[in-house]
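Per-entry structural report
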Protein chains: 2
Amino acid sequence: MSVSSEPLRRHFPDGVFPSGCPSRVVLDHVTSKWGVLVLVALAEGEPLRWSELRRRADGVSEKMLAQTLRTLHSDGLVDRDARPVVPPHVEYSLTPLGRDLADRLVPLMDWVAANAAQIVGD
Amino acid sequence: MSVSSEPLRRHFPDGVFPSGCPSRVVLDHVTSKWGVLVLVALAEGEPLRWSELRRRADGVSEKMLAQTLRTLHSDGLVDRDARPVVPPHVEYSLTPLGRDLADRLVPLMDWVAANAAQIVGD
DNA sequence: CAGTATCCCATATGATACTG
DNA sequence: CAGTATCATATGGGATACTG
C-alpha cells in the first residue's frame, strides 16, 4: 500500500543545504543531542522550570542544559521568564516560532519511539 | 490560523526518553549531522551513488559519509546495491522504513530552510 | 533554585594518502 | 568509482565545585 505515485520530490535540488549556509547552523542547533529533547519536552505546552527540564531531558548535565537553553533562546525558539523572587523562579516555554518547529519535531520523535526497539534490536 | 485548542499534548509523559534507552540511540543516529542530510538527499526518491551523495551532502568527508552510510544501513534505513562491475557502481536508496522516517524529516528540513535566515539573522 | 566556572576527556569530525 | 586507513583536532559533553 501507499505506493508512491510521485517518483521524485525535489525538495532540495542542489544538495540538501549548501555547506556553511544559515540552514546548516539552525539544523545543527535543532538536531543537537539536547536541543531536540528540550524542544520536545516543552512541546507539551506548559512552561517548565530548570529543574523540571533537567528531569525530563534525562541525563543532561547542567552545563549542556544551560548551553542548549541559551542557544535556543538566542535563536528565538525558547522564551525565558525569570520572576524576581527568592528563591529564583524561572520558566521556559516555546515561542510561537519554537512551537511551530516542535510541531515538526514531535512526529519524528513519535516515529523514533515506535521504531527504536526494532531498529536497535532491543 | 492553527490556534492550538489543545493546551497539553502528553507525548512523552515521563521525560522525553529515558537516558540510555534504544530510542536515544536511534535518535542520535537519525539526528546526526550527516545522517539527516543523507536521509533527506535520498528522500528525493531515486537511488544515489557515493559521489552524488558526497555532492548533495555538501561538505561531508569521505570518512563521515562512509560511517554515516554504514550506521544507516545497519539500522535498516538505507539499502546498498553494489553491482559487480568495473569500475564499481554502487547505489544507495531508502528502505521502506527509511522512507517512512524521511517523510518525517522532510517537513523539518523545509521548516529549517524557510526560517533559517530569520533565526540566524542572515 | 538556577545557574556559572573549571577542568577534563571521549569521540565526532576532518584532511590526507592509499587501494580493490 | 567507491571506498579504507591513518593521523590529527575541535568540541560536544560530563563531573565537580561554587554562587547570587
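Details of the structure are given in the entry above.
To start, this report covers the structure provided alongside it. (Residues numbered from 1 in each chain as written. Chains lettered and ligands numbered in written order. Predicted model: local features only at pLDDT ≥ 70, side-chain atom pairs only at ≥ 80, totals over all residues. Heavy atoms only, no water.)

Regarding the protein's contact with DNA strand C
- The environment of DNA strand C is formed by 19 residues, the closest being Arg49, Glu62, Arg80 and Tyr92 of chain A together with Lys63 of chain B.
- Each atom of DNA strand C within 4 Å of the protein belongs either to a base or to sugar and phosphate, the latter forming 55%.
- Here a phosphate oxygen of DNA strand C and a side-chain polar atom of Tyr92 of chain A are 2.5 Å apart.
- Here a base nitrogen of DNA strand C sits 3.1 Å away from a polar atom, N or O, in the side chain of Glu62 of chain B. (Near = heavy atom within 4 Å. Polar contact = N/O pair within 3.5 Å; in protein donor to acceptor, adjacent residues only side chain to side chain.)

A few points about the side chain of Ser23 of chain B
- Assignment of secondary structure puts Ser23 of chain B in helix H1 (residues 22–30).
- Dropping the residues within four chain positions of it, Ser23 of chain B is found in contact with Val112, Ala113 and Ala116 of chain A together with Phe17 of chain B. (Helix = DSSP H or I, 4+ residues; strand = E, 2+ residues; numbered from the N terminus. Contact = heavy atoms within 4.5 Å.)

So, the sheet that holds strand S2 (residues 78–83) of chain A
All names here are of chain A.
- Spatially, the three strands line up as an open sheet ordered S1-S3-S2, and their pairing is antiparallel. Looking at the sheet topology across the chains shown, the edges are occupied by strand S1 (48–49) and S2.
- For S2 and strand S3 (residues 89–94), the ladder comprises six bridges, and the chain directions are antiparallel. Paired with Asp79 across the strands is Ser93, a residue of S3. (Pairing = 2+ DSSP bridges.)

Section: the interface of chain A and chain B
- Taken together, the contact between chain A and chain B spans 59 residues of the former and 59 residues of the latter.
- Both faces combined, the contact of chain A with chain B buries some 5300 Å², and carbon together with sulfur accounts for 63% of it.
- For the interface between chain A and chain B, the tally reads zero salt bridges.
- Of all the secondary structure elements, the ones that give two or more residues to the side of chain A that touches chain B are helix H1 (22–30), helix H2 (33–42) and helix H5 (96–120) of chain A.
- Broken down by element, the side of chain A that touches chain B gets its largest block of residues, 21 residues, from H5 of chain A.
- Among the residues making up the side of chain A that touches chain B, the classes are represented as 34 nonpolar, nine polar and 16 charged. (Buried area = accessible area lost by both parts, 1.4 Å probe. Salt bridge = Lys/Arg side-chain N within 4 Å of Asp/Glu carboxyl O. Nonpolar A, V, L, I, M, F, W, Y, C, P; charged D, E, K, R; others polar.)

Describing helix H4 (residues 62–74) of chain B
All names here are of chain B.
- If you check H4, its first and last C-alpha atoms are 18 Å apart, about what 13 residues at 1.5 Å a residue would give, namely 18 Å.
- When we look at burial in H4, the residues that qualify are Leu65, Thr68, Leu69 and Leu72. Each buried residue of H4 lies within a common arc of 100 degrees when the element is viewed along its axis, so the set occupies one face. Within H4, the exposed residues directed more than 90 degrees away from the buried face are Lys63, Arg70 and Ser74.
- Its buried side turned inward, H4 meets helix H2 (33–42), helix H3 (50–56), strand S2 (78–83) and strand S3 (89–94).
- Gly76 sits one or two residues past H4 and shows a positive phi near 75 degrees. (Expected span 1.5 Å × (residues − 1). Buried < 20%, exposed > 50% of the residue type's maximum accessible area, 1.4 Å probe, protein only. Arc of directions from axis to C-beta.)

So, the sheet that holds S2 of chain B
Residue and element names in this part refer to chain B.
- Reading across from one edge, S1-S3-S2 is the order of the three strands in this open sheet, with antiparallel pairing throughout. Unpaired on one side and paired on the other, strand S1 (48–49) and S2 mark the two borders of the sheet.
- Sitting on the sheet, H2 is in contact with S1, S2 and S3, with an inclination near 95 degrees to S3. (Axes fitted to C-alpha atoms, helices over the stretch in contact; angles between N-to-C directions.)

Some details on the nonpolar core
- Core analysis: the biggest nonpolar cluster contains 78 residues, and Phe17, Leu53 and Met109 of chain A together with Leu53 and Met109 of chain B have the highest contact counts within it.
- Those residues in contact with Leu53 of chain A, other than ones at most four positions away along the chain, are Val38, Ala41, Leu42, Leu48, Leu65, Leu69 and Tyr92 of chain A. (Core = buried A, V, L, I, M, F, W, Y, C linked by side-chain atoms within 4.5 Å.)

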